[in-house]
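# Architecture and fold: a report
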Amino acid sequence: MTTLAIIGAGRQLGEALARRFGREGFSLALISRNQERVDALAADLAADGFTAKGYAANVRDPEALVAALDTAAQELGPIEVLSYNPLPQKEFLRPLLESTVYDIKAAVEFSVYGPVAAVHQVLQGMRVLGRGTILFVNGGSAVQPVQHFAGTSIAFAGETAYAQMLDQALHDTGIHVAQLIIPGGITPGSADKDPQVLAELLWKMHAERGEFRTYATELEVQPY
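Note that the structure is a prediction, hence the values are computed from the model and not measured.

Within the protein, the secondary structure is distributed over six helices and seven strands. The helix and strand sequence of the protein, counted from the amino end, reads β-α-β-α-β-α-β-α-β-α-β-α-β. Expected size for 224 residues packed as a compact globule is a radius of gyration near 17 Å; at 16 Å, the protein falls within 12% of this value. For the C-alpha atoms alone, the extent of the protein along its principal axes is close to 50 × 35 × 35 Å. Per-residue burial for the protein yields a buried fraction of 50% across its 224 residues. For the protein, restricting intrachain contacts to residue pairs at least 6 apart in sequence, the fraction spanning at least 24 positions comes to 72%. Carbon and sulfur atoms make up 53% of the accessible area of the protein, which totals about 10700 Å².

Attention now moves to the sheet that holds strand 4 (residues 79-84). Taken together, seven strands build an open sheet; the order of strands is 3-2-1-4-5-6-7 and the sheet is parallel. The sheet is open, and its two edges are formed by strand 3 (52-56) and strand 7 (213-215), each paired on a single side. Taking each pair of neighbouring strands and ignoring which way they run, the sheet shows an average axis angle of 20 degrees. Relative to strand 3, strand 2 (residues 27-32) is paired through five bridges, and the arrangement is parallel. By the bridge assignment for strand 3, Ile31 is matched with Tyr55. In the packing of helix 2 (residues 35-47) onto the sheet, contacts are made with strand 2 and strand 3, and the angle to strand 3 comes to roughly 175 degrees. In the packing of helix 5 (residues 150-169) onto the sheet, contacts are made with strand 4, strand 5 (132-139), strand 6 (175-182) and strand 7, and the angle to strand 5 comes to roughly 155 degrees.

Let's shift gears to unusual backbone geometry. Phi is positive for Arg209, which is not a glycine, with a value near 55 degrees. With respect to the helices, strands and loops of the structure, Arg209 is situated in the loop between helix 6 (195-208) and strand 7. Here Arg209 falls in the partly exposed class, since its relative accessible area comes to 34%.

Calculation rules
Residues numbered from 1 in each chain as written. Predicted model: local features only at pLDDT ≥ 70, side-chain atom pairs only at ≥ 80, totals over all residues. Heavy atoms only, no water. Helix = DSSP H or I, 4+ residues; strand = E, 2+ residues; numbered from the N terminus. Rg over C-alpha atoms; globule rule 2.2 N^0.38 Å. Buried < 20%, exposed > 50% of the residue type's maximum accessible area, 1.4 Å probe, protein only. Contact = heavy atoms within 4.5 Å. Areas by Shrake-Rupley, 256 points an atom, 1.4 Å probe, with all protein chains shown as cover. Pairing = 2+ DSSP bridges. Axes fitted to C-alpha atoms, helices over the stretch in contact; angles between N-to-C directions.

This is the structure we're talking about:
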């Protein structure tokens, strides 16, 4: 049995993603800052017959993130799929002229240093398996910077560049890299952006191993 590791596991997309991959036989490593919350989510999943366990780690703490992924692989099985989709913090969504260097630094730690640490940790196990998938989930500012959301626009651009380079570097290795762009964010009840709809889309991105980037909905040009 191999493992799906969800970094940023919560009650919307994280839970939907866990259930979708769990139905395919994956063990589920749920990683978030709050141990109590991921333990509760893991208990609910376990009650429904899934193999799941929660691990606390802040993505801005690379050592803690690496330790969580290492422990998850030892306890649940090798990580075949990594999904990086933590919810950005409010200070990353400030207008550019109100954002301090500390806001931008935090956003970069969150969206660049975190993914680099996580991917570096899981790659060797994927190479041993001979397969793997790395999924990045971002908002529209990852491909269209918006000055009203300075932190995410800057940091998501860095995350996108990193993900694209990973796609190039791993292209012929059996390890697939893909990015899902969700313009406007997750929207429960939406035909296109409901968590379960997005989870199904992410499953298809893993299973079908198509293009690098997929859009949940069409990206509208943002006015200044």
